[in-house]
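One letter stands for each residue in the lines below.
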Amino acid sequence: MSDAVQPTAAEVRAAAEAVKTALDRHLAAVERRSGEDDPAVYEAFNQLAAAAEAYDELLYDRYDEVTPFEIPGTEDALPPYTGPEEPNALSVLIRRDYAVAEPQRLLAQAQRVEAADYDEGADGEASGTVHGALGILFGEFEPDEIASRHKEFGLEEGDSTLWVTAADDQTDPGEWLEAPFEGVDPQRVVCRFDVSTVFDDDLDDEDRAGGTRRRLPVDAEGDIEDELDTDLDEDDLEPMDADR
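Residues numbered from 1 in each chain as written. Predicted model: local features only at pLDDT ≥ 70, side-chain atom pairs only at ≥ 80, totals over all residues. Heavy atoms only, no water.

## Examining the sheet that holds strand β1 (residues 89-100)
Okay, step 1: Pairing within the open sheet is antiparallel, and its three strands lie in the order β1-β2-β3. Of all strands in the sheet, those bounded by a partner on one side alone are β1 and β3 (189-195). Across the sheet, the axes of successive neighbouring strands diverge by a mean angle of 10°, strand direction being ignored.
Okay, step 2: Pairing of strand β2 (residues 155-167) with β3 involves six bridges; the strand directions are antiparallel. Paired with valine 164 across the two strands is cysteine 191, which belongs to β3. (Pairing = 2+ DSSP bridges. Helix = DSSP H or I, 4+ residues; strand = E, 2+ residues; numbered from the N terminus. Axes fitted to C-alpha atoms, helices over the stretch in contact; angles between N-to-C directions.)

## Some points on the packing of helix α3 (residues 103-117) against helix α4 (residues 130-140)
Okay, step 1: Remark: α3 packs on α4, axes separated minimally by 9 Å, with the N-to-C direction vectors making an angle of 55°. Judged on the interaxial angle alone, α4 and α3 are oblique. In this structure, α3 crosses over α4, and the sense of that crossing is left-handed. On α4, the residues touching Pro103, Leu106, Leu107, Gln109, Ala110, Val113, Glu114 and Asp117 of α3 are Val130, Ala133, Leu134, Ile136, Leu137 and Glu140.
Okay, step 2: For the contact of α3 with α4, the residue count by class is 10 nonpolar, one polar and three charged. (Parallel < 35°, antiparallel > 145°, perpendicular 65-115°, else oblique. Left-handed = near helix turned anticlockwise from the far one by under 90°. Contact = heavy atoms within 4.5 Å. Nonpolar A, V, L, I, M, F, W, Y, C, P; charged D, E, K, R; others polar.)

By themselves these figures say nothing about function.
Right, dumping it as structure tokens:
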């Protein structure tokens, strides 16, 4: 960075003083908090995070040094819960991302499903396209089963998130189907669980409201899966039940 755009020493010093002030305000808010989700504590936390991040950036730009603190992403933090204390309804919002790691395995499993669904001599043909195979498999299996058996289907897990939101009453049938994730009030999120490849591998497998969770794949019996052989082999593909 050129000297013309570098922050001055005075600017770095001022940012450090802002962190000290934000620390004092945060501690005072914690000492005076009225409950677990006190809005004043939430606001002071965000102010402290913003001040620390600004100081860290200026310190690096001016002196090529960093602080030993990890600055949390305030844009991802949930605001205090303001929903009903005794919800009469809830919604579970789930997104799971996958990569198609082994297209041939995916196609082979879809062909097995399709062969089981059609009698011999019927007009059904196993789809020869990846998008067609995905439609067959997701039409046959529940999303949770695909999540636990994704390697069998040639898929590789990406990021996922699950939000549980509280409501006073159930929505009208069909009301949200066209836009299932729109209009979510973050202040009615009871808990949130995230799984991401950016998280450290040594994080504990735990559930934390408003936090993160690392999930290990489990098989149909609830046991942790062994590493599966990724080579496509007929013996590796579990025969499909013709009655499914």
